[in-house]
Amino acid sequence: TLLPPREIMSTRSLNRFVPFAASLNSLMKKAEVQGVPDFLLSLIEDLGLKGHFDAISKTRDEYEDRLGNVMELVRAAERYKDDGPCITSGPSSDEDESMETP
């Protein structure tokens, strides 16, 4: 039996968790239809990595280095662009059952 979220999490935690879970769900749906390079670009955009790098970098060079490293990963992923979606299906029913409490 699944417990209602409010029985196991505080309202403050739920207010942070629900948008996070929605973001992960959105990313999973994108991973089911996008190849690796496109998914990585979606991830960079959806998670706001450029803004995050800008906020934590002390200099423009540091920002550009961080962004360059991520873009290098995207370029390396290009070799997998013809392999289809990143993932092919969601969790199996066995995995769903493992989330339930006894």
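Not measured: the values here are computed from a predicted model.

Analysis parameters
- Residues numbered from 1 in each chain as written.
- Predicted model: local features only at pLDDT ≥ 70, side-chain atom pairs only at ≥ 80, totals over all residues.
- Heavy atoms only, no water.
- Helix = DSSP H or I, 4+ residues; strand = E, 2+ residues; numbered from the N terminus.
- Buried < 20%, exposed > 50% of the residue type's maximum accessible area, 1.4 Å probe, protein only.
- Areas by Shrake-Rupley, 256 points an atom, 1.4 Å probe, with all protein chains shown as cover.
- Expected span 1.5 Å × (residues − 1).
- Arc of directions from axis to C-beta.
- Contact = heavy atoms within 4.5 Å.
- Core = buried A, V, L, I, M, F, W, Y, C linked by side-chain atoms within 4.5 Å.
- Axes fitted to C-alpha atoms, helices over the stretch in contact; angles between N-to-C directions.
- Left-handed = near helix turned anticlockwise from the far one by under 90°.
- Nonpolar A, V, L, I, M, F, W, Y, C, P; charged D, E, K, R; others polar.

(A) The arrangement of the overall build of the protein chain in detail. For the protein chain, the helix and strand inventory stands at 6 helices and 0 strands. From first element to last, N terminus to C terminus, the protein chain shows the α and β order α-α-α-α-α-α. Looking at the protein chain residue by residue over its 102 residues, the buried ones come to 17%. Counting only carbon and sulfur atoms, one obtains 54% of the accessible surface of the protein chain, whose full area is about 7,900 Å².

(B) Geometry of helix α5 (residues 60–77). The end-to-end C-alpha separation of α5 is 26 Å, in line with the 26 Å expected for 18 residues at 1.5 Å each. Restricting attention to buried positions, one finds in α5 the residues Y63, L67, V70, V74 and A77. For α5, the angular spread of buried residues about the axis comes to 60 degrees, placing them on one side. Across α5 from its buried face, at more than 90 degrees, point the exposed residues D61 and R75. Of the surrounding elements, those touching the buried residues of α5 are α3 (36–46) and α4 (49–56).

(C) Summary view of the nonpolar core. Membership of the largest hydrophobic core is limited to 8 residues, which are L40, I44, F53, Y63, L67, V70, V74 and A77. Broken down by secondary-structure element, the contributors of at least two residues to this core are α3 and α5. A per-element tally of this core places α5 first, with 5 residues. Apart from the residues within four sequence positions on either side, L40 is in contact with L73, V74 and A77.

(D) Examining the packing of α4 against α5 more closely. Running from N to C, α4 and α5 cross one another at 145 degrees; their axes reach a closest spacing of 8 Å. Helix-helix and strand crossings are classified by hand; for α4 and α5 the assignment is right-handed. When α4 is examined against α5, the residues K50, F53, D54 and I56 are found in contact with a partner set consisting of E62, Y63, R66, L67 and V70. When grouped by side-chain class, the residues that make up the contact of α4 with α5 number 5 nonpolar, no polar and 4 charged.

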